[in-house]
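Descriptive analysis of the structure
Read off the chains here:
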Amino acid sequence: MKILVLNGPNLNMLGMREEDIYGSETLDDIEAKLKNKADSNECEVYFYQSNAEHELIDAIHTAFENGTDSIIFNPAGYTHTSVALRDAILAVKIPFYEVHISDINSREEFRKKSYFSDIAEKVFSGHGTKGYVLALEEALKNKKVEIMDIRKIKTLIEMLEESNLKEIEVSQGEESVRITKGSNNIDVKESSENDTGN
């Protein structure tokens, strides 16, 4: 699994900048903590920080090109202003977790609007620098669930191939998976009770 930790403007000043709000840890401290956590979970994590909007957009595009699985993103001041960064995230369709060291909802009125929260997998705001760790743990947990689901489907395919059955369908809650054996192939279809069929 590969995760990009992306930080926006002025976060290079952590440890020196408004310590009563952002704490005394530096960006290097945060990155070291995340790398240790990632290494212990066999995960590749890499980091990028920029004060320029276009460079952050380029980093998101590069994440798509190099097969990054998730992004942990603190847009910092761009949280409240950047439609372009929002569009970049939507374009690459990489799951991302929004992080804010301070609680943006308890600060100035202009900081309460985020252009990212409604499209994030989850938002971690007001947890201090621990928010980055919480986001990493969430990304790792979700990837493990995804891997587990793939393994289950592989097991069902093997069962179908070894049996005289032509089809297996498994349901869990509103979700179901149907595996059909054809003359030359195996067809896997996922469906949900919420699907309209259109």
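In this text the structure is predicted, and so the values were computed from the model without any measurement. (Residues numbered from 1 in each chain as written. Predicted model: local features only at pLDDT ≥ 70, side-chain atom pairs only at ≥ 80, totals over all residues. Heavy atoms only, no water.)

1. Some words on the nonpolar core
The tendency in soluble globular proteins is for nonpolar side chains to be buried side by side. Threshold: What makes a nonpolar core is a set of buried Ala, Val, Leu, Ile, Met, Phe, Trp, Tyr and Cys residues whose side-chain atoms join them at distances within 4.5 Å. Buried residues are those whose accessible area, probed at 1.4 Å on protein chains only, stays under 20% of the maximum for their type, while exposed residues exceed 50% and partly exposed ones sit between those limits. Think of it this way: any DSSP run of H or I at least four residues long counts as a helix, any run of E at least two long counts as a strand, and we number them from the N terminus. Contact criterion: two residues are considered in contact whenever any of their non-hydrogen atoms come within 4.5 Å of each other.
Counting 22 residues, the largest nonpolar core has Ile3, Leu34, Ile72, Tyr132 and Leu136 as its most contacted members. Only strand 1 (2-7), helix 2 (27-39), strand 4 (96-100) and helix 5 (130-162) provide two or more residues apiece to this core. Looking at which element gives the most residues to this core, the answer is helix 5, with six residues. Ignoring sequence-local partners within four residues, the contact set of isoleucine 3 consists of Cys43, Glu44, Val45, Tyr46, Thr68, Ser70, Ile72, Leu136 and Ala139. Core analysis: the next-biggest nonpolar cluster, separate from the first, contains 18 residues, Leu85, Ile89, Phe116 and Ala120 among them.

2. Some words on the packing of aromatic side chains
Rule in force here: For this analysis, a ring pair means two rings from Phe, Tyr or Trp (six-membered ring only for Trp) whose centres lie within 6.5 Å, classed as stacked if their planes differ by under 30 degrees, edge-to-face if by over 60, and tilted for the remaining angles. Any Lys NZ or Arg CZ found within 6 Å of a ring centre and within 35 degrees of that ring's normal is scored as a charge over the ring.
In the structure shown here, the tally under the stated rule is one aromatic pair. Cation over ring: lysine 113 sits above tyrosine 115, and NZ or CZ is 5.1 Å from the ring centre.

3. Some thoughts on the packing of helix 3 (residues 53-65) against helix 4 (residues 83-92)
Formally: Between N-to-C directions, angles span 0 to 180 degrees; the directions come from axes that are lines fitted to C-alpha atoms, helices contributing only their stretch in contact. What sets the label is the angle itself: under 35 degrees gives roughly parallel, over 145 gives roughly antiparallel, 65 to 115 gives roughly perpendicular, and the rest give oblique. The residue classification treats Ala, Val, Leu, Ile, Met, Phe, Trp, Tyr, Cys and Pro as nonpolar and Asp, Glu, Lys and Arg as charged. All others, Gly included, are polar.
Direction vectors running N to C along helix 3 and helix 4 enclose 5°, while the axes themselves pass 9 Å from each other. The orientation of helix 3 with respect to helix 4, classified from their angle, is roughly parallel. Where helix 3 approaches helix 4, its residues Glu53, Leu56, Ile57, Ile60, His61 and Phe64 are matched on the opposing element by Ala84, Leu85, Ala88, Ile89 and Val92. Of the residues in the contact of helix 3 with helix 4, the class split is nine nonpolar, one polar and one charged.

4. Focus: the side chain of histidine 100
Structurally, histidine 100 can be placed in strand 4. Judged by its relative accessible area of 4%, histidine 100 is buried. Sequence-distant contacts of histidine 100, defined by excluding residues within four places in its chain, comprise Asn74, Pro75, Thr79, Phe124, Ser125, Gly126 and His127.

5. A few points about the pattern of salt bridges
Cut-off, in case you're wondering: We count a salt bridge whenever a side-chain nitrogen from Lys or Arg sits within 4 Å of a carboxyl oxygen from Asp or Glu.
Scanning the model with the defined rule gives nine salt bridges in all. Lysine 122 is paired through a salt bridge with glutamate 138; the nearest N and O atoms lie 3.8 Å apart. Of this pair, lysine 122 sits in strand 5 (residues 122-125) while glutamate 138 sits in helix 5, and the two are 16 residues apart along the sequence. For lysine 122, a relative accessible area of 37% corresponds to the partly exposed category. Its relative accessible area of 14% is what places glutamate 138 among the buried residues. When salt bridges with common partners are traced through the structure, they connect Arg107, Glu108 and Arg111 into a single cluster.

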